[in-house]
Structures are given as structure tokens and as C-alpha cells.
Amino acid sequence: MTGLKKTVIRSGLETLYFSAAHHFLRPFVGGIGVILTLHHVRPPRLDRFQPNRLLEVTPGFLEGVVRWLRRSRVDLVSLDEMHRRLISGDVGRRSVALTIDDGYRDTLQWAYPILKKYQAPFAVYIPTSFPDRLGELWWLVLEAVVARNKRISLLIDDKEQSFECITVEDKRHLYDELYGWVRSFKTEEELRHVVRDLAGRYQVDIAAFCDELCMSWDELNTLAADPLVTIGAHTVNHVMLAKVPEKSARSEMEMSRSVIEAALGTRPEHLSYPVGDPTSAGPREFRIAAELGFKTGVTTRPGVIFPEHREHLLALPRISLNGEHQQLRYARVLVSGAATAMWNGFRRVNAA
Ligand SMILES: [Zn+2]
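Residues numbered from 1 in each chain as written. Predicted model: local features only at pLDDT ≥ 70, side-chain atom pairs only at ≥ 80, totals over all residues. Heavy atoms only, no water.

### A word on the packing of aromatic side chains
According to the stated counting rule, one finds seven aromatic pairs in the structure shown. Between Phe49 and Tyr175 the ring centres are 6.3 Å apart and the planes differ by 75°, which places this aromatic pair in the edge-to-face class. Pair noted here: Phe49 is in the loop between strand 2 (40–41) and strand 3 (56–57) and Tyr175 is in helix 7 (residues 168–183), with a separation of 126 residues, a long-range link. Residue Tyr175 is classed as buried on the basis of its relative accessible area of 2%. On the numbers, 5.6 Å between centres and 85° between planes, the contact of Trp138 with Trp139 is edge-to-face. Both residues of the pair, Trp138 and Trp139, count as buried. What links up through ring pairs into an aromatic cluster is the set Phe49, Trp138, Trp139, Tyr175 and Tyr179. Sitting over the ring of Phe294, Arg257 keeps its end group 4.6 Å from the ring centre. (Phe/Tyr/Trp six-rings, centres within 6.5 Å; stacked < 30°, edge-to-face > 60°. Helix = DSSP H or I, 4+ residues; strand = E, 2+ residues; numbered from the N terminus. Buried < 20%, exposed > 50% of the residue type's maximum accessible area, 1.4 Å probe, protein only. Lys NZ or Arg CZ within 6 Å of the ring centre and 35° of its normal.)

### Some words on unusual backbone geometry
Non-glycine residue Gln119 carries a positive phi angle of around 50°. Positionally, Gln119 belongs in the loop between helix 5 (105–117) and strand 6 (122–126). Positive phi is not limited to glycine here, since Arg133 has a value of about 65°. In this fold, Arg133 is placed in the loop between strand 6 and helix 6 (138–148).

### Notes on the coordination of the zinc ion
Coordination of the zinc ion by the protein comes from Asp102 (OD), His234 (NE2) and His238 (NE2), over a distance range of 2.1 to 2.2 Å. As a motif over one chain, the donors of the zinc ion read D-x131-H-x3-H. Of this pair, Asp102 sits in the loop between strand 5 (94–101) and helix 5 while His234 sits in the loop between strand 9 (229–233) and helix 11 (246–264), placing them 132 residues apart in sequence. The same class applies to Asp102 as to His234, namely buried. (Donors = N, O, S within 2.8 Å, 3.2 Å for Na, K, Ca; no water.)

Below, the structure is given as C-alpha cells:
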């Protein structure tokens, strides 16, 4: 995220908080609850180049948020309970469901003890290639290539191009450019091709990220045994489903459910679309997920849950606890629904 964008978001959150607008807006914008998104939960690192920092919060921040939620007039609920409340119309107090994507080892090490302490139900969405140790965490490959080199060459439109990245500022800029470029591809295949090419040129071991960062099936079994935990599907290869052919999108969703069932003995009924923005999951993916019988599907489209989402159970919005904005007051504004109401122009459902 660019510095300017971060500043704009932060000052918007500050304005909503200090004007107390989030308080009086809540009855109109708060809906029946919120599904929160987390990725990494781990102690802060000192590196100045951390382009994926938005995907991690500290254990202290998570504990602050959960402690505040426990004291607030909301119910911390599982996805099954959120689903039940939505379809039955049984909506008394607002509900908050916590979800953690990707199955990083820090979920077990840092998030789990905190969520257990506060008896907060949560879901973990697993791309099965990660515990199978075949996953490609391509955003970390890009980060490693830029972090470890002073100059990078790659093929762009069949032409060899070269970029200098000596200073931290160079690296941040180049990462943003590369990230934006690969995300602009029409197909997942093109993205993987570029990332594999870079990994090969600069000796980055793609598979090593799985071993280092992601839970094994044994570790996942420990989590799955706890009734607080819901294991959800997140495809096999963590692909942007809208960027693969329909047949592959269907088998990515279906296969991941079967693999999890075989490994953990529990058949996932809830799905998270990888990346989850409108370029990665749209009406075709929502339809396939419904045909496969998933109870809910979550995106990363920002928003709270309204009664109208009963008709869009496979296209639920979430609110991310973003590592760039780790202040309890921002979390309060986000959970109130005020910030996302502004961003969405007060439109309640976005499933197109
Ligand atoms: Zn993911």
C-alpha cells in the first residue's frame, strides 16, 4: 500500500473515531455483525522493508481487540452460529466471527492461546498445498527477491528489463510495482510463471516458505480437535479463482474440501476465496461454491453483515485487522461498520 493511501485511510479512521460519528452511525451501518480477517499474528520484526506487513498484527494488538470485544455488547460466534443467525433471522446482539486465513504456524503459536483464553471461537481457512508443502506463497517470493538483491532483471513483454533496488525506498517502490504488475495479469498461470522465473534466477526456494511458516497436518490436527475451531477451505493452490478456467475453479474448491476431510476427519462447510477481492472471486465463483454446498463463502470485500446477506451467503464481506493500523480505536471504528459504510457509499451488499 502506498504511503499516501495509508495516510488517507488512517485520517478517515481518526476522524470517525474522534467525531464519535461511529457511535451514532452504528444503528444504521452496523448490521447484524462482522466477520474479521486475520493472517499472521506474531511479534513485530525490525526490518525496514516489510511490504507484506499489512498481513500481520502483534499478539498484543489481537489480545487488546478480543478483550475489548468480550467487554462489548457483542457475541463472539462461530461461522456456524453466524450462519444460523442469518438464515433464522435470530439477531439480538451483534455477532463477531473471527477468521484466520492461510494456516500459518503463528496461528497455533500466538493467536490460539489468546483466543482460547477468551474462549473466542474462530475459523482457520487452509489452502491444502501449504500443509502438503507444495504451496507457492508467491507474494513472499517477490518480497525475498527484492529484499536480497541490489538489482533485478526480468522479462516484461518478452523484453529483458532491469531495476535497481539498493535503498529501502527503492525496494518498497519496486515491490509495489512488481506486485501491481503481477496482480494485473488476466490469468493465475501468468503470475505463477513470472514468480517461478524470478525464484529460479535469484535462488529463492519457493517450497521453503511452507515449511518455515505454515502448519503441518499434525499441527492442524491439534487445532481441529478444539471445538472452538472451525476448519474452512481455502482452495488447494491458493489461486485467484476468477483467473482460472471454470473447471479448475470448481476442482480447487472441491478437492480442498476432500483433502481436508481425509487429513483431519472434518469436512469443511465454509470457504474463503484466496485474495478475495472482486478480481479473484465474483458471481461465477459464488455460484460454484453454492453448487458445491458450502454454507458460507467469505471474500475480502470490506463490509459488515446485514440481514440482506441471507440471500448472498457465498459472497460475505469481511473486515481486515490490518497490520498498518494497529490501534484499538481503529478496530472500534471498523467493527462499528461506520468506515466500511463510507467506503461502500452506504451500499449494503456488494456481490456483483
Ligand atoms: Zn489466503
